[in-house]
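Listed below are the residues making up each chain.
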Amino acid sequence: TLCGVAASTAQASSGRAQGEEGAAMDESCATVAPYYKMIQSWNGGFKAAVILNQWLPGARIFIKYATFRPHFLSAWGAAGQDVEGGIRFELAANPAVGDNANGFAFTARGDSDFAAQPSLRCVVNREAAATVKVPVAQCGMGANYWLLPVDDSAPVATATAAAAAKGGPWRVHIGLQRWEPGARLDLTFSSLASVAGADGATHLNPGLSKRARHSFAVGSGGVTFIARTAVGDSLTVVRLSCRPKDAAEDEAPEGVTVGAPDAPAGLTVARASCNDAEVAWDAAVDNGLRVTGYTVTWRRQDAPGEEGATGEAAGTSFVLSGLSGGTTYLVQVQGRNSKGPGRMTRPLRLTTDSGGAPLIAASAPKPSRSHSCRSVGLELPALRAGCRGEAFFTVQGRSLLPADELVGYPGRLTGDWSDVVPRTAGSTALIDGLEEYDAVEFRVVAHNDDGAGPPSKPTGPLLTDSDNAAALAAPRVIATSSASFAITWGELGGACRPKLRWAVSVLREPSRHASIDDAPWETLAYAVAGVGFQALPLRCPASGCAFRVTPVGLRGLERPSAPSEPAASLPLPALHPEAARLQLRLRRPQVGRDLTQMADLVAAEIAAQLRVDAASVEVRDMFGAGQYLVLDLFAASQSGAADASTAARLLAQQLQVVVEHLPAFALSSSEICSDLDAVAGAQLLLEDGRLTQVFVSEEARAAAERLPKGRWASSPAATFTEVVGIALLVIVFAGTCLRHTLRVVRARANQAEYGRIATPAPPAADRRKVRDRPKRVSAMET
């Protein structure tokens, strides 16, 4: 569209220009759109011009003639220099005034056909300016602009950054291909800017010192002015439009608004190997703002749900690394500028070379919750890249039931490995159609186009809808008292397996055993429901006890869990030399009772029964919801520590007599101790944690006879009266029961007799006789 002549692609190519600065510059003749025109020729020389769509200071244009090698003489608007194969021109900081405002002319010598069209190559320094293209059809003018920091002595990139840091000043030039005096230019900046010193045009809104949009009335030539922004703001033109001089004020000006880049064209595969590939593309149309880079995205074609990988490229090529052999990938590219990321290209299919089947087995899959009583969820390992990379997995499974139970087994799996998911490249898998109480296990086999690799290690036994990762993990154990432990373990039952039960075992001092599996484990409970158990009474030494649980009722998963860390009982206070330590048991737990108040009450009740001071009885521990009591008995003595200790043991023996014959003593009427278990009795707790029965001497038994008795034992007369009264009540109750029994038997006998005469039905008179007849009951019926 320039000068009414359309430039052909042969006249403006985008090949790489030769030169020492070429690697750091953006190659694009499309940016400045040079058009070559022969103006005049003579014997041994010629004059030609290059017309530009945009003037970019510092841009280089290379002109090469195929039929001869010219010799540069002079130029207007650009600096020329002979190079190998042609002439190199570099645009000046300011365009020439006049006919060369958007181009330059030059003269050269030559000795051949000057009419032949040369080839043009460009190297554009896009850091020097941001540009906006405005078609010539608008206002009859082809407008473009450039802006630079005023300090022209500094390198362009450095000066641009420094100017932005301090808000300018910036020299802005609007170049026009043709001038129409009286027309108006509208220039919109990215931030508020003040404009001063307009040259070649009239600033139409100078009263507004700071605004984003500025308007100019075109005079002659281009428009140049100085702009300033706020400190830290850079200067970017986001819209450049023009309005003819006779256009109405309310008519919207035409123009081009800059934006993010278009999708790059020409995306191709430059090369591909078994583990990497290189892609290349053409420079994206920047839409007025310099393309600052490209984002490359790629993912496996057979894994549409995966996010894929991304990489950043400064130029128009990129190497994709870490690929798998014999695998197809989808590749996309998008450019970006200060407006943000642009549009993406269409996906490009890229297939890597094959390097052979996988050699190393993949990692074992991990279980995950499936939320179904008939399925198991798996987390699959990541597919590994490389020349022998993995393209997909096959998931295999088998049942862990014994061979004799698999005969006629209705489940999906057998005892041999079989494919349950033939092909998947995803990160998860769901296997359904399984039985709730049967254990299964799974593994994966990696494949690519060259074949299958070795299978992975199996997952180990798994159950449906369960936290299988914690299924046979070691239980958690917490000591809750001197003789009780709270044991919890992973859930395997739930709604899917309501009949599942557990066996709980303990191993004392596991450090003494070389093999945990061969050690003498003791079973504490066999059919525990749920995921928790309270072990009591159980005392473990300082070296601790190990616990484990075994599922009961599962097929193929009868093995115990891993053992817990050793846990020791909570220590009791040291036993005083003048005291005896006993353990008592109540017949039922004291649920809901305050244990602190209960301890004080127990001490008071036992002290009253033994006729000692309340300080002589001290409750040391309670566990099992208050069902078990540990207490110390003290006895004061004037004969030294040895006699005091003997007296304490004598008190313990008396308490044993009281517990054995509880109804005969006053303790039977107490609030708490009336529920003492006579079968368990009073047990002597030794310092090593062992329990032993208290041996009662004759002296202790005689002393116990002098302790306070119960009501029946203390008053024989009252006891006889109460016994007689109870006997009379029993006789009256028995008589009442016998009378009621006779009534029931007679009623049934009458019913049987009526039943015999009811068929056939007698006449009414006979029925009346039967009804009035006395009922007879035989001796046998009675």
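Because the structure is a prediction, the values reported are computed rather than measured.

1. Looking at helix H3 (residues 595–610)
Then comes step 1: Helix length check: H3, at 16 residues, gives a terminal C-alpha distance of 22 Å against a target of 22 Å (1.5 Å per residue), a fit within 8%.
Then comes step 2: Regarding H3, the residues found buried are Met598, Ala599, Val602, Ala603, Glu605, Ile606, Ala607, Gln609 and Leu610.
Then comes step 3: Capping the start of H3, Asp594 holds a side-chain oxygen 3.1 Å from the backbone nitrogen of Thr596, two or three residues further along.
Then comes step 4: Arg611 sits one or two residues past H3 and shows a positive phi near 60°.

2. Considering the pattern of salt bridges
Then comes step 1: As enumerated under the stated definition, the model contains 20 salt bridges in all.
Then comes step 2: Arg581 serves as the salt-bridge partner of Asp632, at 2.7 Å between the closest nitrogen and oxygen. Residue Asp632 is found in strand E40 (residues 628–634), and its partner Arg581 is found in strand E38 (residues 579–585); the two are separated by 51 residues along the sequence. The two residues Asp632 and Arg581 agree in class, both being buried.

3. A look at a nonpolar patch on the surface
Then comes step 1: Nonpolar side chains collect at one region of the surface, where Val724, Leu728 and Ile731 lie side by side and expose about 280 Å² of accessible area between them.
Then comes step 2: Relative to the elements of secondary structure, Leu728 occurs in helix H7 (residues 716–757).
Then comes step 3: Note on Leu728: relative accessible area 52%, which makes it exposed.

4. Notes on unusual backbone geometry
Then comes step 1: The amide bond that connects Leu536 to the next residue, Pro537, takes the cis arrangement and shows omega of -15°.
Then comes step 2: When you line up the elements, Pro537 lands in the loop between strand E36 (532–535) and strand E37 (545–552).
Then comes step 3: For Arg611, which is not glycine, the phi torsion reads 60° and is therefore positive.
Then comes step 4: Residue placement: Arg611 occurs in the loop between H3 and strand E39 (617–623).

5. Re the packing of aromatic side chains
Then comes step 1: Within this structure, the stated rule accounts for 11 aromatic pairs.
Then comes step 2: Taking the centre distance of 4.7 Å and the plane angle of 45° together, the rings of Phe89 and Phe106 count as tilted. Here Phe106 lies in strand E7 (residues 103–109) and Phe89 lies in strand E6 (residues 86–91), a separation of 17 residues in the sequence. One exposure class covers both Phe89 and Phe106, and it is buried.
Then comes step 3: Consider the rings of Trp489 and Trp502, whose centres lie 5.7 Å apart with planes at 55°: the pair is tilted. Here Trp502 lies in strand E34 (residues 501–508) and Trp489 lies in the loop between strand E33 (485–488) and E34, a separation of 13 residues in the sequence. Of the two residues, Trp489 and Trp502, neither departs from the other in class, the shared state being buried.
Then comes step 4: Following the ring pairs from residue to residue traces out a cluster consisting of Tyr36, Phe46, Tyr65, Phe72, Phe89, Phe104 and Phe106.

6. Brief notes about the pairing of strand E17 (residues 268–272)
Then comes step 1: Alignment of E17 against strand E18 (residues 277–280), held across four bridges, turns out to be antiparallel. Considered in E18, the bridge of Ala272 is made with Ala277.
Then comes step 2: What sits between E17 and E18 in their antiparallel hairpin is a turn of four residues.

7. Looking at the sheet that holds E36
Then comes step 1: The strand order E32-E33-E36 describes an open sheet built from three strands, whose pairing is antiparallel. The strands lining the two open edges of the sheet, one partner per strand, are strand E32 (476–479) and E36. Across the sheet, the axes of successive neighbouring strands diverge by a mean angle of 15°, strand direction being ignored.
Then comes step 2: As judged from the four bridges shared by E32 and E33, these two strands associate in the antiparallel manner. Note on E33: the bridge partner recorded for Val477 is Ile487.

8. Points about the sheet that holds strand E41 (residues 683–685)
Then comes step 1: Pairing is antiparallel across the open sheet formed by five strands, whose spatial order is E39-E40-E38-E41-E42. Either end of the sheet is taken by a strand with one partner, and the two such strands are E39 and strand E42 (691–693). When strand polarity is set aside, the average angle formed by the axes of neighbouring strands in this sheet is 30°.

9. A few points about the nonpolar core
Here is a general trend for soluble globular proteins: nonpolar side chains tend to be buried in one another's company.
Then comes step 1: If you look at the biggest cluster of nonpolar residues, it comprises 37 residues, and the most contacted ones within it are Leu582, Leu584, Val602, Ile606, Leu633, Leu655 and Leu676.
Then comes step 2: Mapped onto this core, the elements with two or more residues apiece are E38, H3, E39, E40, helix H4 (641–660) and helix H5 (698–705).
Then comes step 3: Setting aside residues no more than four positions away along its own chain, Ile606 makes contact with Leu584, Val617, Leu631, Leu655, Leu667 and Cys673.
Then comes step 4: In terms of nonpolar packing, the next biggest core, distinct from the first, is built from 24 residues, Ala439, Leu463, Phe485 and Ala535 among them.

10. Notes on the pairing of strand E22 (residues 328–337)
Then comes step 1: The element E22 is largely enclosed, with a buried count of seven among its 10 residues.
Then comes step 2: As paired elements, strand E19 (residues 293–300) and E22 share eight bridges and run antiparallel to each other. Bridge pairing links Arg299 to Leu330 in E22.
Then comes step 3: The pairing of E22 with strand E24 (residues 348–351) spans four bridges and is antiparallel. Within E24, the residue paired with Tyr329 across the bridge is Leu350.
Then comes step 4: Where E22 meets strand E23 (residues 340–344), three bridges bridge the pair, whose relative direction is antiparallel. From the neighbouring strand, Asn337 faces E23, where its bridge partner is Gly340.

Rules used in this analysis
- Residues numbered from 1 in each chain as written.
- Predicted model: local features only at pLDDT ≥ 70, side-chain atom pairs only at ≥ 80, totals over all residues.
- Heavy atoms only, no water.
- Helix = DSSP H or I, 4+ residues; strand = E, 2+ residues; numbered from the N terminus.
- Expected span 1.5 Å × (residues − 1).
- Buried < 20%, exposed > 50% of the residue type's maximum accessible area, 1.4 Å probe, protein only.
- Polar contact = N/O pair within 3.5 Å; in protein donor to acceptor, adjacent residues only side chain to side chain.
- Salt bridge = Lys/Arg side-chain N within 4 Å of Asp/Glu carboxyl O.
- Patch = residues over 30% accessible without salt bridge, like charges linked within 9 Å, V, L, I, M, F, W, Y side chains within 5 Å.
- Areas by Shrake-Rupley, 256 points an atom, 1.4 Å probe, with all protein chains shown as cover.
- Phe/Tyr/Trp six-rings, centres within 6.5 Å; stacked < 30°, edge-to-face > 60°.
- Pairing = 2+ DSSP bridges.
- Axes fitted to C-alpha atoms, helices over the stretch in contact; angles between N-to-C directions.
- Core = buried A, V, L, I, M, F, W, Y, C linked by side-chain atoms within 4.5 Å.
- Contact = heavy atoms within 4.5 Å.

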